[in-house]
Amino acid sequence: MGEVIQLNNESLLKYVLQLADNAMILGQRLAETCGHGPVLEQDIAITNISLDLIGEARVLYQYAAEIEGGGKTEDDYPYKRDVRDWQNILLVEQPNGHFGHIIMRQFMFDCYHYCHLKAMIDSSDERLAQIAAKTIKEATYHLKYSSEWVIRLGDGTEESHDKMQEALNDRIRFFDEAFIPSKIENEESLNGIKVDCVAIRKLAWAKFQEICQTATLEIPEVKFPQKGGKDGLHSEHFGYLLSELQFLQKSYPNSNW
Amino acid sequence: MVVDKSNIEEILKNVTDPEIPVLTIQDLGIYQGFETDGNKITVLITPTYTGCPAMDMISVNVKAAMEEAGYNDVDVKLILSPVWTTDMISEEGHRKLREYGIAPPVEKTSDKSYMSGEEKIVPCPQCESTNTQIISQFGSTACKALYKCNDCLEPFDYFKCY
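Residues numbered from 1 in each chain as written. Chains lettered and ligands numbered in written order. Predicted model: local features only at pLDDT ≥ 70, side-chain atom pairs only at ≥ 80, totals over all residues.

1. Overview of helix 6 (residues 126-154) of chain A
Residues and elements named next belong to chain A.
Logical step 1: In this model helix 6 runs 40 Å from its N-terminal to its C-terminal C-alpha over 29 residues, within 8% of the 42 Å that 1.5 Å per residue would give.
Logical step 2: Where helix 6 bends most, the angle comes to about 35°, and this point is Ile136.
Logical step 3: Burial of helix 6 is extensive: 21 of the 29 residues sit out of reach of the surface. (Helix = DSSP H or I, 4+ residues; strand = E, 2+ residues; numbered from the N terminus. Expected span 1.5 Å × (residues − 1). Bend = angle between axes of the 7 residues up to and from the residue. Buried ≥ 20, exposed ≤ 12 C-beta atoms within 10 Å, placed from the backbone.)

The structure is reproduced here in structure tokens:
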């Protein structure tokens with residue numbers, strides 16, 4: 001009996017970390033733009049979203065530390081794990097590029113994130129349900145913000161339209177990974193706790209298509225969606241991202257404020 | 001030190017938000033009471049935005065206020081339930097916000113317009129004109145949006161519905 005519970009906890013830990021990693025890495029990518037936004041208001045908006053996501057990552061990492069026990073803290077996960085231990089989707093680690101790329105990545109993530117949280121409110125795991133009920137309020141604003149920008153730029157000038165279309169063409173291959181179950185998302189012991197990521201695809205895609213259509217953007221067909229991030233196989237950009245995120249802990253191990 | 005519940009209640013009610021110093025944590029609705037275990041006191045706070053940096057500062061301020069009154073064994077616990085919403089800001093809080101120049105939330109989270117994203121009219125806290133427009137959904141802190149008044153031409157913060 002004891003063994004079963006432990007196995008279940010290990011799966012839950014892995015699942016919670018997967019959710020946390022998505023929020024953490026997108027939060028980090030957005031934080032990179034601090035001070036570099038196209039105008040002050042958008043600089044502030046992007047870093048506000050970054051702050052929300054890092055906040056979400058924190059409550060999830062805190063939960064992970066409680067599940068794992070043994071003196072783990074929320075800081076151990078972002079600062080002391082190497083590339084292969086991270087389970088975030090490839091979309092969130094993609095470099096910022098221009099403002100159109102940032103917005104398109106955000107919009108894709110928000111479509112997924114919002115639908116995911118909406119489903120997670122019904123999780124049988126009380127803590128995950130609480131976290132979802134809280135963070136969906138923030139995700140609602142994110143989705144509204146990124147949708148408005150996709151429309152404004154997509155249906156804007158010829159130049160802004162072209163840049164948004166280019167961003168869409170470039171990032172679309174990373175969109176579907178969120179809806180393809182990883183090993184942990186196929187784990188039966190997590191039934192009722194986890195979100196059925198296949199089931200939320202329809203809703204997320206409906207929102208995605210609706211906004212793209214209003215924005216006069218054409219969604220290209222994707223023959224081979226990029227995946228692997230959720231199982232620890234990341235793109236070449238990821239090591240660079242981590243080296244900046246973890247610089248302090250690597251150079252001055254265990255240093256504290 | 002003997003735990004005096006009404007005294008503690010009084011101290012805690014008066015701790016203010018570092019970003020919006022006119023509001024106490026009670027006005028904001030984030031103060032959720034305290035628990036005692038012998039001499040140990042655990043203060044319960046339900047955070048506003050999950051990433052709000054003011055939360056750490058509030059924890060420090062709560063501990064400092066309690067220490068000043070002689071309570072040294074104090075812990076602040078952030079709880080996720082009940083989930084904080086702007087509906088929990090008191091009437092008094094709304095009045096203080098307006099006087100401070102921040103427009104308080106104009107709708108309840110149970111209103112349909114909140115989730116559908118339909119824009120509500122936010123009256124200007126300086127001149128009360130309803131001829132206002134949104135500049136940015138995200139303002140100087142996580143909880144605020146940036147608006148401007150088309151009549152008095154002043155920009156202002158709006159404490160957005162959450």
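2. A look at the sheet that holds strand 2 (residues 40-45) of chain B
Residues and elements named next belong to chain B.
Logical step 1: Taken in spatial order, the three strands of this open sheet run 1-2-3, and their pairing is mixed. Lying at the two open borders of the sheet, with one neighbouring strand each, are strand 1 (31-37) and strand 3 (74-78). Between one strand and the next, the sheet's axes are offset by a mean angle of 25°, whatever the strand orientation.
Logical step 2: Pairing between strand 1 and strand 2: five bridges, direction antiparallel. Looking across to strand 2, one finds that Thr36 is bridged to Ile41.
Logical step 3: Running over the sheet, helix 3 (residues 54-68) touches strand 2 and strand 3 and is turned about 155° from strand 3. (Pairing = 2+ DSSP bridges. Axes fitted to C-alpha atoms, helices over the stretch in contact; angles between N-to-C directions. Contact = placed C-beta atoms within 7 Å.)

3. Things to note about the interface of chain B and chain A
Frequently, the measure chosen for interface size is the accessible area that the parts lose on association.
Logical step 1: Counting residues at the interface gives 17 residues for chain B, matched by 22 residues for chain A.
Logical step 2: When grouped by side-chain class, the residues that make up the side of chain B that touches chain A number 10 nonpolar, seven polar and no charged. (Nonpolar A, V, L, I, M, F, W, Y, C, P; charged D, E, K, R; others polar.)

4. A look at the sheet that holds strand 5 (residues 132-136) of chain B
Residue and element names in this part refer to chain B.
Logical step 1: Within the open sheet, the four strands sit side by side as 4-7-6-5. Their pairing is mixed. With one partner strand each, in any of the chains shown, strand 4 (102-103) and strand 5 form the two edges of the open sheet.
Logical step 2: With two bridges joining them, strand 4 and strand 7 (residues 155-159) adopt parallel strand pairing. Across the sheet, the residue bridging to Ala103 is Tyr158, located in strand 7.

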